[in-house]
Amino acid sequence: MPAVSKGDGMRGLAVFISDIRNCKSKEAEIKRINKELANIRSKFKGDKALDGYSKKKYVCKLLFIFLLGHDIDFGHMEAVNLLSSNKYTEKQIGYLFISVLVNSNSELIRLINNAIKNDLASRNPTFMGLALHCIASVGSREMAEAFAGEIPKVLVAGDTMDSVKQSAALCLLRLYRTSPDLVPMGDWTSRVVHLLNDQHLGVVTAATSLITTLAQKNPEEFKTSVSLAVSRLSRIVTSASTDLQDYTYYFVPAPWLSVKLLRLLQCYPPPDPAVRGRLTECLETILNKAQEPPKSKKVQHSNAKNAVLFEAISLIIHHDSEPNLLVRACNQLGQFLQHRETNLRYLALESMCTLASSEFSHEAVKTHIDTVINALKTERDVSVRQRAADLLYAMCDRSNAKQIVSEMLRYLETADYAIREEIVLKVAILAEKYAVDYSWYVDTILNLIRIAGDYVSEEVWYRVLQIVTNRDDVQGYAAKTVFEALQAPACHENMVKVGGYILGEFGNLIAGDPRSSPPVQFSLLHSKFHLCSVATRALLLSTYIKFINLFPETKATIQAVLRAGSQLRNADVELQQRAVEYLTLSSVASTDVLATVLEEMPPFPERESSILAKLKRKKGPGAGSALDDGRRDPSSNDINGGVEPTPSTVSTPSPSADLLGLRAAPPPAAPPASAGAGNLLVDVFDGPAAQPSLGPTPEEAFLSELEPPAPESPMALLADPAPAADPGPEDIGPPIPEADELLNKFVCKNNGVLFENQLLQIGVKSEFRQNLGRMYLFYGNKTSVQFQNFSPTVVHPGDLQTQLAVQTKRVAAQVDGGAQVQQVLNIECLRDFLTPPLLSVRFRYGGTPQALTLKLPVTINKFFQPTEMAAQDFFQRWKQLSLPQQEAQKIFKANHPMDAEVTKAKLLGFGSALLDNVDPNPENFVGAGIIQTKALQVGCLLRLEPNAQAQMYRLTLRTSKEPVSRHLCELLAQQF
Amino acid sequence: MSLGNIRQGKLRLQKWYLATSDKERKKMVRELMQVVLARKPKMCSFLEWRDLKVVYKRYASLYFCCAIEGQDNELITLELIHRYVELLDKYFGSVCELDIIFNFEKAYFILDEFLMGGDVQDTSKKSVLKAIEQADLLQEEDESPRSVLEEMGLA
């Protein structure tokens, strides 16, 4: 390869790019760009006609500016002019500008089309290639109108060069994707099919892409492609690895073409016996090759080989007709489940999911259940765990349902917030579908609410009510179980909803037991009443009126509740109306009328499980299909098809029941709490990690980003990382004066710039869970000179050693000018601590030793675990912590504007849960959490009372450990 | 399908194969960058994103990302990325990010020779590089040397 004469044509462009890269700030960059834009504008408007070269240069600069993310609103015309230039490079830049910047609906399309027409007619293959590329890039309808008729002719003409054929095939494919109606089928189609026989593998590859897409919509027209594709594939898989020359990729013959041919075959059912035998041979060969020892250790070799293998397995599953191949595929995937490459494990889980729905391979898939459960527990990548959960769902049947459901429930306790709702839906569906006895089903759903109440959507708890209502064998058990579940001091609001509804309907079934007598049931429910949202309180009011019918002895108590001012004059119109109507109903109606109106709800009519519908909405069509068709478990529909449609159950609720607002599916109220709460938690834990940039980002940092820099500077993209150097231990100086102030910035947040001076910038990114934390420190060299002997170390002053364990990874001893190095710290909190560890950074800069000591932003509150609790629990605990030394209080002036939202965010960042509806004064903030250390846990309650008038705060902390109260109080007081 | 180079929040190259508005493109790029940069080493190279699958691989400080559709083959896409990097490497001779910054138009030309409309046009390294070389030859014939003053717009 000759040395490239880089940018020789356009020195002005290179100068401009350098200028931009040298800009120290965003403002400077914008200023430079505006100057350039003004210059280009004046050149374009000037009287002097620009020559083609200048036009090209300026158009290229505009393109560069656009790619930096700025809007470009002129220059299009000049770019279009370039298209008709006779000089290749000018034409090429013109086309590049058009294909990057012009979207489908540009007014210029007609002018562009003209230029394209000329180039297509030019018979110059290079110009034709440019024109076809432009059509494929813009791909607008107007272009399709102009060229869809022309391109097939170019494609099948006898004298078209191979490279033009390739471009024409893909260009036509693009037009067909955007405007299928404009691409006419005709004589050319049979000639395109025969391109599968072409000598040139590049032509075959491009043609196969085109044929696959066309065949999906017009299978009849292209069915001759099947036998051609099979024989082509057969020739490839049996070829020696050198036969195909440059189309062999890391010893794998034509992997791209093989994948495409296998894809094409998936547009059709299994072929006729003659062809079928040959295809089966091909597939067997591919499966056999997977067992052969690799021909190369490079990952590219195994990736290419396995790409073909996975596509072959997809075809085997698509045909779903060869039990032998299906089982072999399953065994092969089983091997991959334990492969050390994460990518293969991921793909194997995904592919097995589809295998699980085939009757031939379902049993074979099931044998891997332990491996999959293990993957769910141990995979470090959430996307892999999610595939494992999908596969468990797909392989579930009556025989393993209990095991799978219990594993998924266990997983739910630690599952990532992003996928909790989906897991909840899946568990709910499996529990219903495979329930042998419904007490197991009820237990499972109540467990779901207990473990992940926030993620249990309305559909799930509506469904449990529908099922309990329709099956009288489970009603008594359900009433008993919810009654027990409600005993928990802090139970989720969804539990209160389910409990309220079920006791209102079936509380009588457990009323005989003195431990759950009517007054006990009522007072248990009513103890939750004040903590609940309006919707739940409305539901509870309906339960109460049902109690009056079920248990006449509770009438007086309940009437008193309804009569209370807080109900009759409730600000919420729904609550007020219910209170008024129920009170009147209970007073005026006779017992008989009351009994009729408040009769037990009739069974619900059969309908599709609302949960399944929701899962489908979430995952798109096809989700849950494995369970829908029930083909491998035909009996299941009889027993567990949800709610059976017997004549007696198809009645609709009586109008009177409607009046009372006890309809099965209340109209969708407020969006489920899960959405909001979920996001909040995701933000707290995951948000920071997603911030793209920390520390300085000069371009040169590329050369030595996360990998330690190699001694020779420009690190090639394909190079291997070099080993790291060893820093030596040293004594350290006292922290810099502003260390405390810097530390304070990180009390309520985990990411940001910790320190910056003329030479060095230190960025921090960290996350904490339980008593563990991981911190990434980014050291950026702001100078253009290499730092020598660079050594950051973490030091534990005093007896911090016994309180906090910090493990550091080494960093390279040299930091190139403009480069950034990263250091990872693993942190474990052993017991409570007051002083943060110190970070000492030493290096030589231009011969001068530099030393710097900072406080590492690790404070005790990082190990907070937020705790949700109800008001009464809070106050009970608050009282328990009433010893004077357990409390710390500070009254202080606001240093920042007093904004409730900001305060909330800070308190959440501090780590405690924020408890609503606890403090009688809504202006105040109340929080609770547990500090997790290895040795002990410290429960913490806090209360922050802002006084906007005086611009003051009062902060009170109560914890079970005296120094912790004081320390937290001091840390937090600095933040407002 | 789109392909871009992402480096600590800076996009070096992007190519879209579906009509998308500028605003939507920017939003997608931002979102995708966040998702990909948050990934840790050793995680798998595929992730579900919107209704697409993203296949990405990191080379030094550049992330190469492809968004593909549900049915598309992930592993072959991973190798598609690798082949493109090989092409860049061969053309520039041990390619680094600076080459791509200063010669972005070349990086585009190479990509265009390799992929078209989101599908691979030719997988042979030789064919693609031959096409680019020919174009370079045309470029040299085209251009006569220019003086520095002319270059700066002063002549």
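Residues numbered from 1 in each chain as written. Chains lettered and ligands numbered in written order. Predicted model: local features only at pLDDT ≥ 70, side-chain atom pairs only at ≥ 80, totals over all residues. Heavy atoms only, no water.

**Student:** Outline the overall build of chain B, supporting the account with residue identities and numerical values.
**Tutor:** Counting its secondary structure elements, chain B contains six helices and seven strands. N-terminal to C-terminal, the α/β element order of chain B is β-β-α-β-β-β-α-α-α-β-β-α-α. Expressed as a percentage of the 155 residues in chain B, the buried residues total 61%. In chain B, once contacts between residues fewer than 6 apart in sequence are set aside, the share between residues at least 24 apart is 43%. Carbon and sulfur atoms make up 53% of the accessible area of chain B, which amounts to about 6,000 Å² in all. (Helix = DSSP H or I, 4+ residues; strand = E, 2+ residues; numbered from the N terminus. Buried < 20%, exposed > 50% of the residue type's maximum accessible area, 1.4 Å probe, protein only. Contact = heavy atoms within 4.5 Å. Areas by Shrake-Rupley, 256 points an atom, 1.4 Å probe, with all protein chains shown as cover.)

**Student:** Give a description of the pairing of strand E5 (residues 772–781) of chain A that names residues and reports values.
**Tutor:** Residue and element names in this part refer to chain A. The buried count for E5 comes to eight of 10 residues, which makes it a mostly enclosed element. Sheet topology note: the strand E4 (residues 760–769)/E5 ladder contains 10 bridges and is antiparallel. Residue pairing across strands places Gln761 opposite Gly780, the latter belonging to E5. Here E4 hands over to E5 after two residues, with Gln770 in that stretch at a positive phi of 50 degrees. As defined by bridge partners, E5 adjoins strand E8 (residues 820–829) across nine bridges and the pair is classed as antiparallel. Paired with Phe778 across the bridge in E8 is Gln822. (Pairing = 2+ DSSP bridges.)

**Student:** Provide a residue-level description of the confidence of the model for chain A, including the pertinent values.
**Tutor:** Residues and elements named next belong to chain A. Averaged over all residues, the pLDDT of chain A equals 81, while 86% of them reach at least 70. Averaged over each element, pLDDT in chain A is lowest for helix H37 (residues 655–659) (32) and highest for helix H14 (residues 255–265) (95). A low-confidence stretch, residues 1–8 stays under pLDDT 50, and its non-local contacts, those more than four residues away or across chains, total 10 contacts. Below a pLDDT of 50 lies the segment residues 621–714, which in the model reaches 186 contacts outside its immediate sequence neighbourhood of four places, other chains included. (pLDDT = per-residue confidence, 0-100.)

**Student:** Account for the sheet that holds strand E3 (residues 752–756) of chain A, naming residues and giving values.
**Tutor:** Hydrogen bonds between backbone groups are what pair the strands of a sheet, and the pairing can be parallel or antiparallel. Residues and elements named next belong to chain A. An order of E3-E4-E5-E8-E7 is seen for the five strands of this open sheet, with the pairing classed as antiparallel. The open sheet is flanked by E3 and strand E7 (804–808), the only strands paired with a single partner. Across this sheet, the average inter-strand angle for adjacent strands is 25 degrees, counted without regard to direction. (Axes fitted to C-alpha atoms, helices over the stretch in contact; angles between N-to-C directions.)

**Student:** Any chance you could break down the side chain of Lys862 of chain A for me, citing the residues and the numbers?
**Tutor:** Residues and elements named next belong to chain A. Note that Lys862 resides in the loop between strand E10 (848–855) and strand E11 (864–866). As a buried residue without a salt bridge, Lys862 has its nearest oppositely charged side chain in Glu767, at a separation of 12 Å. Reaching out from Lys862, the side chain makes a polar contact with the backbone oxygen of Phe746 at a distance of 2.5 Å. Of the polar contacts made by the side chain of Lys862, one reaches the backbone oxygen of Val747; its length is 3.3 Å. Not counting chain neighbours up to four residues away, the residues in contact with Lys862 comprise Phe746, Val747, Lys749, Asn750, Phe768 and Pro857. (Lys, Arg positive; Asp, Glu negative; His and termini not counted. Salt bridge = Lys/Arg side-chain N within 4 Å of Asp/Glu carboxyl O. Polar contact = N/O pair within 3.5 Å; in protein donor to acceptor, adjacent residues only side chain to side chain.)

**Student:** Describe the state of the cysteines, naming the residues involved and giving the relevant values.
**Tutor:** Residue and element names in this part refer to chain A. Evaluation of the coordinates by the stated rule reveals zero disulfides over all chains. Cys532 takes part in no disulfide bond, and the closest cysteine sulfur to it belongs to Cys491, at a distance of 8.0 Å. Overall, the relative accessible area of 7% leaves Cys532 in the buried class. (Disulfide = S-S within 2.5 Å.)

**Student:** Give me the interface of chain B and chain A: which residues, what numbers.
**Tutor:** Taken together, the 90 residues of chain B in the interface contact 101 residues of chain A. On inspection of chain B and its partner chain A, the count reaches seven salt bridges. Notably, a salt bridge pairs Lys40 of chain B with Glu767 of chain A, separated by 3.4 Å at the nearest N-O pair. By residue number, the principal contributor to the side of chain B that touches chain A is helix H2 (residues 74–92) of chain B, which donates 14 residues. Looking at the side of chain B that touches chain A, its residues break down into 35 nonpolar, 19 polar and 36 charged. (Nonpolar A, V, L, I, M, F, W, Y, C, P; charged D, E, K, R; others polar.)

**Student:** Which residues make up the packing of aromatic side chains, and what values do they have?
**Tutor:** Aromatic ring pairs are described here by two measures, namely the spacing of the ring centres and the angle between the planes. Residue and element names in this part refer to chain A. Under the definition given, this model contains 30 aromatic pairs over all chains. Geometrically, the ring pair formed by Tyr438 and Tyr441 is edge-to-face, given 6.0 Å between the ring centres and 75 degrees between the ring planes. Taken together, the positions of Tyr438 and Tyr441, both in helix H24 (residues 438–452) and three residues apart, correspond to about one turn of that helix. Each member of the pair, Tyr438 as well as Tyr441, is classed as buried. Cluster of aromatic residues (ring-pair linked, three or more members): Tyr779, Phe787, Phe790, Phe843 and Tyr845. Over the ring of Phe127 we find Lys91; its NZ or CZ atom is 4.5 Å from the centre of that ring. (Phe/Tyr/Trp six-rings, centres within 6.5 Å; stacked < 30°, edge-to-face > 60°. Lys NZ or Arg CZ within 6 Å of the ring centre and 35° of its normal.)

**Student:** Residues and numbers for the confidence of the model for chain B, please.
**Tutor:** Residues and elements named next belong to chain B. Averaged over all residues, the pLDDT of chain B is 81; the fraction at 70 or higher stands at 83%. Here helix H6 (residues 148–151) is the element of chain B with the lowest mean pLDDT, 47, and H2 is the one with the highest, 93. pLDDT under 50 marks residues 145–155. Its contacts with residues more than four places away, or in other chains, come to 13 contacts. Confidence metrics for the complex model read pTM 0.64 and ipTM 0.90.

**Student:** Explain the environment of Leu742 of chain A to me, and be specific about the residues and the numbers.
**Tutor:** Residue and element names in this part refer to chain A. Take Leu742: it is sitting in helix H39 (residues 739–745). Once the C-alpha coordinates of Leu742 and Lys855 are considered, the two residues, 113 residues apart in sequence, prove to be 7.9 Å apart. Setting aside its immediate chain neighbours within four residues, Leu742 contacts Ile736, Leu754, Phe755 and Leu854.

**Student:** Please provide a residue-by-residue account of the sheet that holds E10 of chain A, values included.
**Tutor:** All names here are of chain A. A sheet is described by the order of its strands in space; here three strands give the open sequence E6-E9-E10, paired in antiparallel fashion. Every other strand in the sheet has two partners, leaving strand E6 (787–795) and E10 as the edge strands with one partner each. Averaged over all adjacent pairs, the angle separating strand axes in this sheet is 10 degrees, with direction ignored. Across eight bridges, strand E9 (residues 838–845) lies against E10 in antiparallel orientation. Following the sheet pairing, Leu839 is matched in E10 by Leu854.

**Student:** Just give me the short version of the packing of helix H20 (residues 369–378) of chain A against helix H21 (residues 382–395) of chain A, but keep the residues and values in it.
**Tutor:** Residues and elements named next belong to chain A. At a closest axis distance of 8 Å, the pairing of H20 and H21 adopts a crossing angle of 145 degrees. In the packing of H20 onto H21, the handedness of the crossing is left-handed. In this structure, H20 uses Ile369, Val372, Ile373, Ala375 and Leu376 to contact H21, whose residues at the interface are Arg385, Ala388, Ala389, Leu391, Leu392 and Met395. When its residues are assigned to classes, the contact of H20 with H21 shows 10 nonpolar, no polar and one charged. (Left-handed = near helix turned anticlockwise from the far one by under 90°.)

**Student:** So what about the pattern of salt bridges? Which residues, and what values?
**Tutor:** Working definition: two side chains of opposite charge can pair if their charged atoms are close together. In the structure shown here, the tally under the stated rule is 49 salt bridges over all chains. Close ionic contact of Lys782 of chain A with Glu756 of chain A constitutes a salt bridge, the shortest N to O distance being 3.0 Å. Of this pair, Lys782 of chain A sits in the loop between E5 and E6 while Glu756 of chain A sits in strand E3, placing them 26 residues apart in sequence. Residue Lys782 of chain A is classed as partly exposed on the basis of its relative accessible area, which comes to 37%. For Glu756 of chain A, a relative accessible area of 43% gives the class partly exposed. Between Arg943 of chain A and Asp919 of chain A there is a salt bridge whose closest N-O contact spans 2.6 Å. Of this pair, Arg943 of chain A sits in strand E15 (residues 937–947) while Asp919 of chain A sits in the loop between strand E13 (913–914) and strand E14 (925–932), and the two are 24 residues apart along the sequence. Three or more residues joined by partner-sharing salt bridges are found here, namely Arg387, Asp390, Glu422 and Lys426 of chain A together with Glu48 of chain B.

**Student:** I'd love a proper account of the nonpolar core, names of residues and values included.
**Tutor:** One finds Ile112 and Ile116 of chain A to be the most contacted residues of the largest nonpolar core, which totals 270 residues. Among the elements that make up this core, the one with the highest residue count is H2 of chain B (11 residues). Residues within four places of Ile116 of chain A in sequence aside, it is in contact with Tyr95, Ala131, Cys134, Ile135, Met143 and Phe147 of chain A. (Core = buried A, V, L, I, M, F, W, Y, C linked by side-chain atoms within 4.5 Å.)

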